Amino acid sequence: MSIQIENNNNLIPTIELYFDIGSPFSFFAFDILFKYKYHLNYNFNYILKPIYLGGLFKEVDNSFKLVPIRANYLNIDVVRTSNHLGYNFQIPSFFPINSLLIQRLITILTLITDQNSLLTFKLCKALWLALWERGLDITQLEILEQISVNETALLKKSEKGFYLFNIYLFIYLIFI
């Protein structure tokens, strides 16, 4: 997760949010960004940039190792921060996850729609909540299909959603 703020000559600033569904801290930044934009009506533009955090760690030769002390603090920190923001996150038993295919799905969505579309926001939030609040393994196609249509209004409900789901299914079958 990274936030870059650019403000050129007193124009409206643009925030680029680099995020990975596999990171609860990405969700916290994502949630706060949208609260400032839509609930507190701050004037800024944003660009959502899905990245694959595992690939980034590999590129910079940094492995994510959950040693017991780090795991305990991570759990405390995630629970505390999520409660502060009004959520009930827990570290899933299968954490860390390989979010590559999920990040590809989100990238496809940003290419098909506007990067800042409400559809992208709804899908990302639904995926984060399914993973971090409900403890569902969203890397499994069956689980992805079960994500509530009320949360996303995406999968199989809209024409773009239907095509998006089929593209994701194709990618899933190729890479698994």
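Residues numbered from 1 in each chain as written. Predicted model: local features only at pLDDT ≥ 70, side-chain atom pairs only at ≥ 80, totals over all residues. Heavy atoms only, no water.

Turning our eyes to something else, we now look at the packing of helix H4 (residues 100-112) against helix H5 (residues 118-132). Viewed as axis vectors pointing N to C, H4 and H5 meet at an angle of 165°, and their least axial separation amounts to 10 Å. Taken together, the axes of H4 and H5 are roughly antiparallel relative to one another. Handedness of the crossing formed by H4 with H5: right-handed. For the pair H4 and H5, contact is made by Ile102, Leu105, Ile106, Leu109 and Thr110 and by Leu119, Thr120, Leu123, Cys124 and Leu127, respectively. Of the residues assigned to the contact of H4 with H5, the class counts are eight nonpolar, two polar and no charged. (Axes fitted to C-alpha atoms, helices over the stretch in contact; angles between N-to-C directions. Helix = DSSP H or I, 4+ residues; strand = E, 2+ residues; numbered from the N terminus. Parallel < 35°, antiparallel > 145°, perpendicular 65-115°, else oblique. Left-handed = near helix turned anticlockwise from the far one by under 90°. Contact = heavy atoms within 4.5 Å. Nonpolar A, V, L, I, M, F, W, Y, C, P; charged D, E, K, R; others polar.)

Another aspect to go through is H4. Helical geometry note: an α-helix holds 3.6 residues per turn, so side chains three or four residues apart project in the same direction. Along its 13 residues, H4 runs 18 Å from first to last C-alpha, staying within 8% of the 18 Å computed at 1.5 Å per residue. Taken together, the buried positions of H4 are occupied by Leu101, Ile102, Gln103, Leu105, Ile106, Ile108, Leu109 and Thr110. (Expected span 1.5 Å × (residues − 1). Buried < 20%, exposed > 50% of the residue type's maximum accessible area, 1.4 Å probe, protein only.)

Right, let's talk about the confidence of the model for the chain for a bit. Scored by pLDDT, the chain comes out at a mean of 78, with 73% of its residues at no less than 70. Of all the helices and strands in the chain, helix H7 (residues 149-152) carries the lowest mean pLDDT, 47, while strand S2 (residues 14-19) carries the highest, 90. Contacts for the low-pLDDT stretch residues 148-155, under 50 throughout, to residues beyond four places or in other chains number 21 contacts. (pLDDT = per-residue confidence, 0-100.)

In this structure, Ile21, Phe30 and Ile138 are the most contacted members of the largest nonpolar core, which totals 37 residues. Elements supplying a minimum of two residues to this core: S2, helix H1 (24-39), strand S3 (45-50), helix H3 (68-84), H4, H5 and helix H6 (141-146). With nine residues, H5 is the largest single contributor of residues to this core. If we ignore the near neighbours within four places in the chain, the residues touching Ile21 are Ile102, Gln103, Ile106, Cys124, Leu127, Trp128, Leu131, Trp132 and Ile138. (Core = buried A, V, L, I, M, F, W, Y, C linked by side-chain atoms within 4.5 Å.)

Axis separation between H1 and H5 bottoms out at 11 Å; the angle between their running directions is 140°. As judged from the angle between their axes, H1 and H5 are oblique. Here H1 and H5 pass one another in a crossing that is left-handed. Contacts between H1 and H5 involve Pro24, Ser26, Phe27, Phe30, Asp31 and Phe34 from the former and Phe121, Cys124, Lys125, Trp128, Leu129 and Trp132 from the latter. Here the contact of H1 with H5 is composed, by residue class, of nine nonpolar, one polar and two charged.

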